[in-house]
Amino acid sequence: QFLSKRSIFYGSCKGTKETTLQLVQDSESIYKTGLYVKDSINGIGTLTFIDPKTKLYGALGHEIIESTTGQKIEIKDGKIYHSTVTGINPSDRGNPGEKNAKYNISEVYGNIKENTKSGIFGIYTDELPNGKQYKVSNKKDITLGDASILTVISGNNVEEFKINILKVMQNEKSKKNILFEVTDERLLESAGGIVQGMSGSPIIQNNMIIGAVTHVVVDDCRKGYGIFIENMLEEAEN
């Protein structure tokens, strides 16, 4: 059984290391190292589950990518923080929206130990929330039709929104196992469908957790993809 949770702010950095570099002269006054250096990265996402026995958590349902290089970040250290959703820039066809949020670095939820293709994982160090516990569904038991997602669109209030599962890719090991469309009128009105920052939002069917939101379909933002919760749990336990 796992606890669903709210939006989170995540941050990470690589640490430091001393070395010797050979500089290349680009012009009369400019020298370059040939390296792209970034000491930290942060963003907004959603915490998917916490194991109440081990306090192991999983979030996002996909890896953290550095936006400039498009490469997966190798995390040496990171933290997840409490965040409050302050507004949403709605999605429109061809233009995915995003959650806006503020965060407090003094309110640390946990650490980040792994950045994998199935999400980020670590230990939840804060007190466990009093959220509802869900049993884990076997991916073979997922059916087409009615389901829901749990996410935050305002403040810290976790809400349930209706979706319709269109396709289940049972043999797919990627992050796009479940294709769904948002049918909840309130979510469509407030967000236009799926927006950035909803990654990790739990997908619920028959009162069981079956997966987590990972992607928006850019050409039709009412649709999105989800990863099997089993895939996230397998990665978390490795």
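Structure: above.
Residues numbered from 1 in each chain as written. Predicted model: local features only at pLDDT ≥ 70, side-chain atom pairs only at ≥ 80, totals over all residues. Heavy atoms only, no water.

## A short note on the overall build of the protein
Logical step 1: In terms of helices and strands, the protein carries two helices and 17 strands.
Logical step 2: A buried classification covers 48% of the 238 residues belonging to the protein.
Logical step 3: When the accessible surface of the protein is totalled, it reaches about 12,700 Å², and 44% of it is carbon and sulfur. (Helix = DSSP H or I, 4+ residues; strand = E, 2+ residues; numbered from the N terminus. Buried < 20%, exposed > 50% of the residue type's maximum accessible area, 1.4 Å probe, protein only. Areas by Shrake-Rupley, 256 points an atom, 1.4 Å probe, with all protein chains shown as cover.)

## Quick notes on the nonpolar core
Logical step 1: In terms of nonpolar packing, the biggest core is built from 23 residues, with Ile 149, Leu 187, Ile 194 and Ile 203 touching the most fellow members.
Logical step 2: Sorting the residues of this core by element identifies strand S12 (145–152), strand S13 (158–168), strand S14 (178–182), helix H1 (185–191) and strand S16 (208–216) as the ones contributing at least two each.
Logical step 3: No other element matches the four residues that S13 contributes to this core.
Logical step 4: Once residues lying within four places of it in the same chain are set aside, the contact partners of Ile 149 are Glu 159, Glu 160, Phe 161, Ile 163, Leu 187, Ile 194, Pro 202, Ile 203 and Val 213.
Logical step 5: Listed in part, the 14 residues of the second largest apolar core include Tyr 57, Ala 59, Ile 75 and Ile 80. (Core = buried A, V, L, I, M, F, W, Y, C linked by side-chain atoms within 4.5 Å. Contact = heavy atoms within 4.5 Å.)

## Focus: the pattern of salt bridges
Two side chains bearing opposite charge may form a pair once their charged atoms approach each other closely.
Logical step 1: Scanning all chains against the criterion turns up two salt bridges.
Logical step 2: With its nearest N and O atoms 2.2 Å apart, the salt bridge here joins Arg 186 to Glu 159. Of this pair, Arg 186 sits in helix H1 while Glu 159 sits in strand S13, and the two are 27 residues apart along the sequence.
Logical step 3: Among the residues examined, Arg 186 registers a relative accessible area of 41% and is labelled partly exposed.
Logical step 4: Classification of Glu 159 by relative accessible area gives buried; the value is 17%.
Logical step 5: The partner of Asp 220 in a salt bridge is Arg 222, and the shortest N-O contact between them spans 2.9 Å. (Salt bridge = Lys/Arg side-chain N within 4 Å of Asp/Glu carboxyl O.)

## Quick look at the pairing of S14
Logical step 1: Extensive coverage of S14 is indicated by the burial of four of its five residues.
Logical step 2: Bridging between S13 and S14 involves five bridges; their strand directions are antiparallel. If you follow Val 168 over to S14, its bridge partner there is Ile 178.
Logical step 3: With four bridges joining them, S14 and strand S17 (residues 223–228) adopt antiparallel strand pairing. The residue of S17 that forms the bridge with Ile 178 is Gly 226. (Pairing = 2+ DSSP bridges.)

## With respect to the packing of aromatic side chains
Logical step 1: Counted under the stated rule, the structure contains two aromatic pairs.
Logical step 2: A ring pair is formed by Tyr 109 and Tyr 124, whose centres lie 5.6 Å apart and whose planes are at 35°; its orientation type is tilted. Placement of Tyr 109 in strand S8 (residues 98–111) and of Tyr 124 in the loop between strand S10 (119–123) and strand S11 (133–136) is noted, with a sequence separation of 15 residues between them.
Logical step 3: Classification of Tyr 124 by relative accessible area gives buried; the value is 1%. (Phe/Tyr/Trp six-rings, centres within 6.5 Å; stacked < 30°, edge-to-face > 60°.)

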